[in-house]
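Tertiary structure, described
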Amino acid sequence: MSVNLQTPIDYLKGVGPNRADLLRKELGIHTYQDLINLFPNRYIDRTQYYKINQLQRHNADVQVIGKITSFKEVAQKRGKRLVATFQDDTGTMELVWFRGQKWIRENLKLNKFYVAFGKTNWFSGKFNMPHPDLEPLEDHKKNLRTGMQPIYPSTEKLSNKGINNRVVCKIMQQLFLESKGRFTETLSENLLEELKLISKKEALLNVHFPKNQELLSKAQYRLKFEELFYIQLQLILKNLIHKSKIKGYPFEKVDHYFNTFFKDHLPFQLTDAQKRVLKEIRHDLGSNAQMNRLLQGDVGSGKTIVALMSILIALDNGFQACLMAPTEILSVQHYNGLSDMCKKLNISIKTLTGSTKTLERKKIHESLENGDLQILIGTHALLEDKVKFKNLGLAIIDEQHRFGVAQRSKLWRKNESPPHILVMTATPIPRTLAMSVYGDLDISVIDELPPGRKSIKTVHRYDKNRLNVFKFIRDEISKGRQIYIVYPLIQESEKMDYKDLMDGYESISRDFPMPNFQISIVHGKMKPADKDYEMQRFIKGETQIMVATTVIEVGVNVPNASVMIIESAERFGLSQLHQLRGRVGRGAEQSYCILMTGHKLSNDSKTRLETMVRTNDGFEIAEADLRLRGPGDIMGTQQSGVLNLKIADIIKDNDILQNARYYAKQVLQQDPSLGKPENAVFLNTYRQLGKYKNIWNYIS
Ligand code: ADP
Ligand code: MG
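Now for a description of the structure that goes with this document. Everything numeric in this text was worked out from a predicted model, so none of it was measured. (Residues numbered from 1 in each chain as written. Chains lettered and ligands numbered in written order. Predicted model: local features only at pLDDT ≥ 70, side-chain atom pairs only at ≥ 80, totals over all residues. Heavy atoms only, no water.)

As for the pattern of salt bridges
The condition is simple: For salt bridges, the criterion is a side-chain nitrogen of Lys or Arg within 4 Å of an Asp or Glu carboxyl oxygen. The way it works is that DSSP assigns letters per residue, a run of H or I at least four long becomes a helix, a run of E at least two long becomes a strand, and they are numbered from the N terminus. The cut-offs for exposure are 20% and 50% of the maximum accessible area for each residue type, with area from a 1.4 Å probe on protein chains only; residues under the lower value are buried, those over the upper are exposed, and the others partly exposed.
Taken as a whole, this structure holds 27 salt bridges when the rule is applied. The closest approach of N and O atoms between Arg361 and Glu384, which form a salt bridge, is 3.6 Å. Of this pair, Arg361 sits in helix H14 (residues 358-370) while Glu384 is found in the loop between strand E13 (375-378) and strand E14 (392-398), placing the two residues 23 residues apart along the sequence. Judged by relative accessible area, which is 15%, Arg361 ranks as buried. Measuring nitrogen to oxygen at the nearest pair gives 3.1 Å for the salt bridge that ties Arg466 to Asp463. Owing to a relative accessible area of 25%, Arg466 belongs among the partly exposed residues under this scheme. In this structure Asp463 comes out as partly exposed when scored by relative accessible area, which is 36%. When salt bridges that share partners are traced, they join Asp10, Asp21, Arg24 and Lys25 into one network.

A closer look at the site of ligand 1
Selection rule: What makes a residue near a molecule or strand is one non-hydrogen atom of that residue sitting within 4 Å of it. Two N or O atoms form a polar contact when they lie within 3.5 Å of each other; inside protein one atom must be a possible hydrogen donor and the other a possible acceptor, and for residues adjacent in sequence the pair counts only when both atoms belong to side chains. Here the open area of atoms and residues is found with the Shrake-Rupley method and a 1.4 Å probe, where only the protein chains shown may cover a residue. Residues are sorted three ways: Asp, Glu, Lys and Arg are charged, Ala, Val, Leu, Ile, Met, Phe, Trp, Tyr, Cys and Pro are nonpolar, and all the rest, Gly among them, are polar.
Taken together, 16 residues form the shell around ligand 1, and within it Gln269, Gly300, Lys303, Thr304 and Arg453 come nearest. Between ligand 1 and the protein, one listed contact pairs an oxygen atom with a backbone N or O atom of Gly300 at 2.6 Å. At 3.5 Å from an oxygen atom of ligand 1 is found a main-chain nitrogen or oxygen belonging to Ser301. Alone, ligand 1 offers 560 Å² of accessible surface; in the complex the protein occludes 82% of this. Of the residues belonging to the shell around ligand 1, the class tally is four nonpolar, eight polar and four charged.

Quick notes on the sheet that holds strand E20 (residues 545-548)
Convention followed: Any two strands with at least two DSSP-identified bridges between them are counted as paired. Orientation is described by lines fitted to C-alpha atoms, with helices fitted over the stretch in contact, and by angles between N-to-C directions that extend from 0 to 180 degrees. The contact definition used throughout considers only heavy atoms, calling two residues in contact when any of these lie within 4.5 Å.
Taking strand neighbours across the sheet as the criterion, the six strands line up as E17-E22-E21-E18-E20-E19 in an open arrangement whose pairing is parallel. A single partner strand is all that each edge strand has here, and the edge strands are strand E17 (457-462) and strand E19 (519-522). Taken pair by pair, the neighbouring strands of this sheet meet at an average axis angle of 20 degrees, ignoring direction. Two elements, strand E18 (residues 482-486) and E20, share four bridges in a ladder whose sense is parallel. Bridging across to E20, Val486 finds its partner in Ala548. In the packing of helix H19 (residues 528-539) onto the sheet, contacts are made with E18, E19, E20 and strand E21 (561-566), and the angle to E19 comes to roughly 140 degrees. Sitting on the sheet, helix H20 (residues 574-581) touches E17, E18, E21 and strand E22 (592-597), and the angle it makes with E21 is about 155 degrees.

This is the structure in structure tokens:
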């Protein structure tokens, strides 16, 4: 009989209530199962023992056999440290504790042999080892000794209370003893065979007590694969269920609006990427299932036209459509851009934002409900309950990262049946991450910029070079170009930031005086109407310089603007810098992005700036961002699935992820309900993962 892995950790020999409490609080370990899934962060080769006279100044972790001959307390600035003299037959060194001294004094014995393990320092003529991991030699000999010593995640509290790495190893060993290493297999025989994976049992044994590097690698691969496989299985299942459950409106035809636009009004040739994406969308819209698609495309890749043409398909089938953007400026800009074309096609289109007047608002509500109004563009004002459509067939959300999942689902409920949904984002989400967190959306990518774009030249300049930068601005303006100057606006330091912005505006006004120069300013504290007025002046070319906070970050399109200056660039995140840079390079002229900073820069800031200077590729930038910040920050906390990975690493293990996704897809293609006997193992494991509850009732 194998042990029940749901047994509370308190019952494991050597744990007890106090330690159990700590393990729960510090590492979230409640059950045997949780403990087994506590995977080592790293491993250390412990086949080697050092003599004290063999120690080198820059040793990594080493182990030394010796005995403690004396203790002394040494007073220091704050409190005291405990120092033990540790001796072997070649010399002496010191063991040092800054914390947990009481426990040490009570538990360590003089003149008894220990194995001391840790990092060594060279300090005033002696080697010392701070907070060593100490194990009595006799225990050390008895233990399930392995060549590779696992180092487990820990916390300061745990080590202060004496639950050090050695103790964790010991508890782990006890668990393996009690369970006799009999762990239930969690992958099918077919998969194990096809991928030449080692069994679960072997993998667990070798990840905790690896015999050698080769077995360790195999164990890690198998466990990472399993972890990613079940995440993919869940995501793909969700997607399948969605498609079979949620009926959409089939848009059967492509008709007058689309065809006329395509033949007579298309302002340019579509890129291959745009064509491909349109085909994907068209396919979704024509099927019986509701579309739920994420459209990714770098800034300037031309998502708007794809949105418009999708809208035209909805209209051709007698449905209404809406386009929701995160800011008023952007909504208005979309409206202005699209309404031109719509007028030619005799389509009714309106915009609704927070500042729409009551009377106009009422008219919009009415015409929306009686079906006269075909396209509505706006901010999240569209989500209000009062906004009711006669037959909303397609909802497009621009710049997804500003809206949450909850808002997406609010749009859903605007109809009896949910409309087709297209989410467009310019934040290039690394494919790896997109696959894991947006697995429930289908993904289209525009991976090609319209022809003739010159890549933007990016440079980093220090504040002291400001005069040169101003001269450059003057030169560009004399060539007829327009300039953005952007200031950071971070919520926490809002007051200071506004001061910086206004100071900046004043100094720019001095250097670029009227009447030769005209300057616009736009920031979040202005009334929407004033913002719009300033924005329009810039769009029309009446002003040459736009001083702004990040409100212009998203989507604004002024092709004649060719210089983007970002002040205090070190304070922006990578994806934000990239978004801002995307405001230029939209016309035929060579464009520039100048990152201004002070002299003092953190390492992360330097990396961000260097990345921006090196590349224009949004996906490369997103990957770098992911590496710098980790997935949590990028996606926000609600998508925490990827954050809780126990052993796999979403970036480093990309290959394994692809593989896992491929096989998860294959399994589900052949057996969508996992009803076949050979797939029972997947079903069982999946259920145990506790994820089936909310999903499984849909199937069967
Ligand atoms: P984004 O993907 O950032 O929303 P837009 O849709 O605003 O990009 O397009 C950026 C600019 O490129 C616009 O001025 C648009 O008219 C232009 N554009 C889009 N597609 C093409 C194309 N296939 N050929 C030429 N210009 C294009
Ligand atoms: Mg856009």
